[in-house]
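Observations on the three-dimensional arrangement
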Amino acid sequence: KAGVTQTPRYLIKTRGQQVTLSCSPISGHRSVSWYQQTPGQGLQFLFEYFSETQRNKGNFPGRFSGRQFSNSRSEMNVSTLELGDSALYLCASSLEGSARGQPQHFGDGTRLSIL
Amino acid sequence: GEDVEQSLFLSVREGDSSVINCTYTDSSSTYLYWYKQEPGAGLQLLTYIFSNMDMKQDQRLTVLLNKKDKHLSLRIADTQTGDSAIYFCAESSDQAGTALIFGKGTTLSVSS
């Protein structure tokens, strides 16, 4: 069974640009969550989608947005990029979400660097 | 509020046991997880425990949960150099909903 797939693996952007990251969950998983990992702040929850609806949202500005498609694939968008957005962005999928005790399985992430 | 604390570093010799500790503050925690992250990779789920359990064993891994003290530990028996990585403790809770709250991670260094 294929794991969580994130594309691209690496991205370099400049300040003010926007970026879209993609995540394909494990087959059959309906919940997709996004996390940001930085050396200073560690792993922080961005948002979670389930059945094409945002079910939970972390404490990030509105520049960070996402969506989920009918096949459970998800995209995350960051607009007006700032230097502080440089991070590893991780996607995780689970059957119905960790609130129901179903573990989240992570992809290898997208490393975003802002110049 | 939710907070998960871990010690930052642990150094052991190959063949010894490693014990990585974690404390959490959210009394409504439902499940607690251990993840492993190797350089350049994402998070690998190692094991998880429901909050009404005291212990869970899975091959070389033993998880102990003291709910009264809100303390979680991961013991790795017969530690190998391939176990060198960052280990993250995470909790899910009624308060956090579907989000996982992570500790800052413990870097395990195994020397031969």
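Before reading on, note that the structure itself is shown above.
In what follows, the accompanying structure is described. All chains use their own residue numbering, which begins from 1 and follows the written sequence. Each chain is given a letter, starting from A, and each ligand a number, starting from 1, according to the order in which they appear as written. Restriction of local features to residues with pLDDT of at least 70 applies here, the model being predicted, together with a cutoff of 80 or more for giving and counting side-chain atom pairs; totals for whole chains, interfaces and linings are based on all residues. The side-chain figures draw on all heavy atoms in the structure; neither hydrogens nor water molecules are used.

Attention now moves to the overall build of chain B. Runs of H or I in DSSP of at least four residues are treated as helices and runs of E of at least two as strands, each being numbered from the N terminus. Along the backbone of chain B there are zero helices and 11 strands. In chain B, the succession of helices and strands from N to C terminus is β-β-β-β-β-β-β-β-β-β-β. Counting only C-alpha atoms, chain B reaches 45 × 30 × 20 Å along its principal axes. By the burial criterion, 46% of the 112 residues in chain B qualify as buried. Throughout, a contact is declared for two residues whenever any of their heavy atoms are within 4.5 Å. Within chain B, counting contacts between residues at least 6 apart in sequence, those at least 24 apart form 56% of the total. Neither His nor the chain termini are counted; the positive set is Lys and Arg, and the negative set is Asp and Glu. Note on charges: their place is set at NZ of Lys, CZ of Arg, CG of Asp or CD of Glu. Here chain B contributes 9 positive and 14 negative side-chain charges, whose respective centroids are spaced 3 Å apart. Think of it in three bands: with a 1.4 Å probe and only protein chains considered, a residue is buried below 20% of the maximum accessible area for its type, exposed above 50%, and partly exposed in between.

Taken together, the contacts link 24 residues of chain A with 19 residues of chain B. A quick way to say it: buried area is the sum, across both parts, of accessible area lost when two parts are put together, with a 1.4 Å probe. Of the roughly 1700 Å² buried at the junction of chain A and chain B (both faces included), carbon and sulfur atoms supply 55%. The rule for a salt bridge is simple: a side-chain nitrogen of Lys or Arg has to be within 4 Å of a carboxyl oxygen of Asp or Glu. On inspection of chain A and its partner chain B, the count reaches zero salt bridges. N or O atoms closer than or at 3.5 Å make up a polar contact, with two conditions inside protein: a donor-capable atom paired with an acceptor-capable one, and, for residues adjacent in sequence, both atoms drawn from side chains. Taken together, the links from chain A to chain B amount to nine residue pairs in polar contact (both at pLDDT 80 or more). For the side of chain A that touches chain B, the secondary structure elements donating two or more residues are strand S4 (31–38), strand S5 (42–50), strand S6 (53–57), strand S9 (87–94) and strand S10 (105–106) of chain A. A per-element tally of the side of chain A that touches chain B places S5 of chain A first, with four residues. Note that Gly is not counted as nonpolar here; it falls among the polar residues with everything else outside the nonpolar set of Ala, Val, Leu, Ile, Met, Phe, Trp, Tyr, Cys and Pro and the charged set of Asp, Glu, Lys and Arg. When its residues are assigned to classes, the side of chain A that touches chain B shows eight nonpolar, 11 polar and five charged.

Here we take up the sheet that holds strand S3 (residues 18–24) of chain B. All names here are of chain B. One requirement defines pairing of two strands: DSSP has to find at least two bridges between them. Reading across from one edge, S1-S3-S8-S7-S6 is the order of the five strands in this open sheet, with antiparallel pairing throughout. Here the strands that pair on one side only, and so sit at the sheet edges, are strand S1 (4–6) and strand S6 (55–58). Here the average twist between neighbouring strands, direction ignored, is 15°. Fitted lines through C-alpha atoms give the axes, limited to the stretch in contact for helices. The angle between two N-to-C directions lies from 0 to 180 degrees.

With that settled, consider the sheet that holds strand S1 (residues 5–7) of chain A. All names here are of chain A. The strand order across the open sheet built from four strands is S1-S3-S8-S7, with neighbouring strands paired in antiparallel fashion. Since the sheet does not close on itself, it has two edges, and those belong to S1 and strand S7 (64–68), each with one partner. Across the sheet, the axes of successive neighbouring strands diverge by a mean angle of 20°, strand direction being ignored. Across five bridges, the pairing between strand S3 (residues 19–24) and strand S8 (residues 74–78) is antiparallel. From the neighbouring strand, Leu21 faces S8, where its bridge partner is Met76.

A few words now on the side chain of Thr79 of chain B. Residue and element names in this part refer to chain B. Tracing the sequence through the fold places Thr79 in the loop between strand S8 (71–76) and strand S9 (85–93). In this structure the side chain of Thr79 is engaged in a polar contact, spanning 2.7 Å, whose partner is the backbone oxygen of Asp16. Looking at Thr79, its side chain comes within polar contact range of the main-chain oxygen of Ile76, at 3.3 Å. Those residues in contact with Thr79 that sit more than four places away from it in its chain are Val12, Arg13, Glu14, Gly15, Asp16, Ser17, Ser18, Arg60, Leu108 and Val110.

Soluble globular proteins: nonpolar side chains tend toward being buried together. Side-chain atoms within 4.5 Å are what join buried Ala, Val, Leu, Ile, Met, Phe, Trp, Tyr and Cys residues into a set we call a nonpolar core. In this structure, Tyr35 and Phe106 of chain A together with Trp34, Leu72 and Phe102 of chain B are the most contacted members of the largest nonpolar core, which totals 38 residues. In this structure, Leu21, Leu46, Leu112 and Ile114 of chain A belong to the second largest nonpolar core, which totals 21 residues.

Bringing the pairing of S4 of chain A into the picture now. Residues and elements named next belong to chain A. Of all eight residues in S4, eight are buried; the element is thus mostly enclosed. A two-sided burial pattern is seen for S4, the buried positions comprising Ser31, Ser33, Tyr35 and Gln37 on one face and Val32, Trp34, Gln36 and Thr38 on the other. One ladder, built from eight bridges, connects S4 with S5; its direction is antiparallel. Among the inter-strand pairings, Gln36 is bridged to a residue of S5, identified as Gln44. Between the antiparallel neighbours S4 and S5 lie three residues.

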